[in-house]
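# Descriptive analysis of the structure
Chain by chain, the residues run as shown.
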Amino acid sequence: MSLPDILLRHAFPSDKGAIIWFLNQHWGSRHPLVNLPDLFEYYYVNGDKLQFVLAFEDGRMVAVAGYILANRSDTPDAWVSIWCAAGGANGVGLQLMEALPRLANIRVLACNNIRPKTMAFYRFLGWHADRISHYYRLADQSRFSLVQNSGCQERLPAGGDLALFPVYSTVALEGLGVPPTDLFPQKDLWYLRRRYFAFPRQRYQVWAASEAGRVAAYLVTRTAEVESAGAKVLRIVDFVGNAQLLPRLGGAIDRIMQAEGVEYADCYCAGISADLFRQAGFCERRPEDAIVIPNYLDPPLYENTEYYYFTNHPDNFVLFKADGDQDRPNLG
C-alpha cells in the first residue's frame, strides 16, 4: 500500500472560503473569529496575505493553522491562533504545526491558552509548554464583591520612582516609539497601533513611562466593569520594555487602581519572575491557594482560571493576556 501524498503550504487569499468551510466542519462549533467577518479580517488578513498554513493529504485539506503577527519584520514573531485537524489526521496536523515557522518564515512562535492535555504534543516537538502565572493586587479595602477568601493574603507595599502617563492616540504613540527590550516576541509600532488602538470590539488604556527623556516602557490596561457585582477590575494585559522596570511602576499602578476605583488589578504573565511582580506590589496566585480572583466577569464566575501556553523560544520569552487572540469579549 502506497503512503499518502502529504502537501504542506502557506495559504493563498483564494483559500479563504475553503478554510472557513473546513473549520466549520471540524472545529466542533462555529468559531467567532472565523465566522464574524470583522474579526476574521482583523486577525488573519494582512494586506494581500492570508495568515494560515494548510495541510493536504492526497489533495484533500486535512489540517489548518492560523497565526497572528507580533511585528512586520521579514522574520516575524507570531502566535498560533487556531489549529484544527480533520478526524484521523492528528499526525498530519502535528506535522503542520512543526512546519509552521518554516512555511510562514516565523522566528519565535507561541500560543496563548492551549489545552493542558496538549502540552505533551508541543514538548514532543522540542518546544516549551507550561502554565501561565497569575498575579494580583487587591485594593486597600476590607470588603470585596468579586474576590473570595481575601483575608488569606497580605497586601504588599508598592513603590517605585517612575510615573505612568496616558498615551491617547497613535500619533502620540508614534512620537514616543518602541522602548528597547530583549524580550520575545518583539512587538513593533505596527502591532501596538493595531492591537490597542484599532481593535474592533474592546477599548484599552495605553500608559507610558519615561526616563532620561525617552520612553522606557508601555503598560496596557483594560478596566472591566461588573454591573451585577457593583465592582470594577483593572486588567494588566501587556507590558513592553525592560522587565526590570516593573518594580519601579508599582506606585504608579496603585494610583491608576485608585483613580479607576477597582476592586483589584490582575495580570496573567509568563516569563517575568514572581519576585519582580512582588516588588511591584503583586501577589502570585498559585493553583493551591484559597483566594479566588475571578477571571470571567460577564457574568462573574467565582472560581480561578488556569491558562497554559507553548513557545519554540523559551529564552527571554514573555506572554501576557492580550497576546494572540486572547483578551477579547465573550462572543460565544
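Structure shown above.
Quick summary incoming for the structure in this document. As the structure is a prediction and not an experimental result, all values here were calculated from the model.

Below, the discussion takes up the overall build of the protein. Each helix and strand counted, the protein has nine helices and 16 strands in total. A compact globule built from 332 residues should have a C-alpha radius of gyration of about 20 Å, and the protein, at 21 Å, falls within 12% of that. The buried share of the protein, taken over its 332 residues, is 55%. A fraction of 71% describes how many contacts in the protein between residues 6 or more apart in sequence connect residues 24 or more apart. Working note: accessible area of the protein is about 15200 Å², and carbon and sulfur atoms make up 48% of it. The average position of the 32 basic charges and that of the 36 acidic charges among the side chains of the protein differ by 3 Å.

This part is about the side chain of N46. One can find N46 in strand β2 (residues 45-46). Among the polar contacts made by the side chain of N46, one reaches the side chain of R72 at a distance of 3.4 Å. Leaving out residues up to four positions away in the same chain, N46 has contacts with Q51, L69, R72 and W190.

Counted under the stated rule, the structure contains zero disulfides. Considering cysteine sulfurs only, C269 is the nearest to C267, which forms no disulfide, with 5.1 Å between them. With a relative accessible area of 1%, C267 lands in the buried category.

As a general feature of sheets, a regular strand has side chains that alternate between the two faces. Counting buried positions over the eleven residues of strand β8 (residues 128-138) gives nine, a clear majority of the element. By the bridge criterion, five bridges tie β8 to strand β15 (residues 307-311) in an arrangement that is antiparallel. Each bridged residue has a counterpart across the sheet, and for D130 the counterpart in β15 is Y309. Of the strand pairs in this sheet, β8 and strand β13 (residues 264-270) are connected by six bridges, and their pairing is antiparallel. What sits directly across from R137, in β13, is A265. Relative to strand β14 (residues 283-285), β8 runs antiparallel, the two sharing three bridges. Counterpart to Y135 in the pairing with β14 is E284.

Per the stated rule, a full pass over the model turns up 18 aromatic pairs. When the centroid spacing of 4.9 Å and the interplanar angle of 55° are considered together, the rings of Y44 and F52 count as tilted. The same class applies to Y44 and to F52, which are both buried. Ring centres 5.3 Å apart and planes at 20° place the aromatic pair W127 and F310 in the stacked group. Separated by 183 residues along the polypeptide, W127 in the loop between α5 (119-124) and β8 and F310 in strand β15 bring together distant segments of the chain.

Ranked by internal contacts, the top residues of the largest apolar core, which has 80 residues, are F52, M97, L100, Y196, Y218 and F310. For this core, the element with the most residues is strand β5 (residues 60-69), which contributes eight residues. Ignoring any residue separated from it by four or fewer positions in sequence, one finds F52 in contact with H10, A11, I19, L23, F40, Y44, V64, A65, G66, Y67 and I82.

Here the focus is the pattern of salt bridges. Going through the model one piece at a time under the given rule, you end up with 17 salt bridges. Across the pair R137 and D254 runs a salt bridge, and its minimum N-O distance is 2.9 Å. One end of the pair, R137, is in strand β8; the other, D254, is in helix α8 (residues 250-260), with 117 residues separating them in the sequence. Taken individually, R137 and D254 each receive the classification buried, so the pair is uniform in this respect. A salt bridge links R285 to E306, with the nearest nitrogen and oxygen atoms 3.0 Å apart. Pair noted here: R285 is in strand β14 and E306 is in the loop between β14 and β15, with a separation of 21 residues, a long-range link. The class of E306 is partly exposed, set by a relative accessible area of 25%. One salt-bridge network, in which partners are shared between bridges, spans R131, R285 and E306.

Cut-offs and rules
Residues numbered from 1 in each chain as written. Predicted model: local features only at pLDDT ≥ 70, side-chain atom pairs only at ≥ 80, totals over all residues. Heavy atoms only, no water. Helix = DSSP H or I, 4+ residues; strand = E, 2+ residues; numbered from the N terminus. Rg over C-alpha atoms; globule rule 2.2 N^0.38 Å. Buried < 20%, exposed > 50% of the residue type's maximum accessible area, 1.4 Å probe, protein only. Contact = heavy atoms within 4.5 Å. Areas by Shrake-Rupley, 256 points an atom, 1.4 Å probe, with all protein chains shown as cover. Lys, Arg positive; Asp, Glu negative; His and termini not counted. Charge placed at Lys NZ, Arg CZ, Asp CG, Glu CD. Polar contact = N/O pair within 3.5 Å; in protein donor to acceptor, adjacent residues only side chain to side chain. Disulfide = S-S within 2.5 Å. Pairing = 2+ DSSP bridges. Phe/Tyr/Trp six-rings, centres within 6.5 Å; stacked < 30°, edge-to-face > 60°. Core = buried A, V, L, I, M, F, W, Y, C linked by side-chain atoms within 4.5 Å. Salt bridge = Lys/Arg side-chain N within 4 Å of Asp/Glu carboxyl O.

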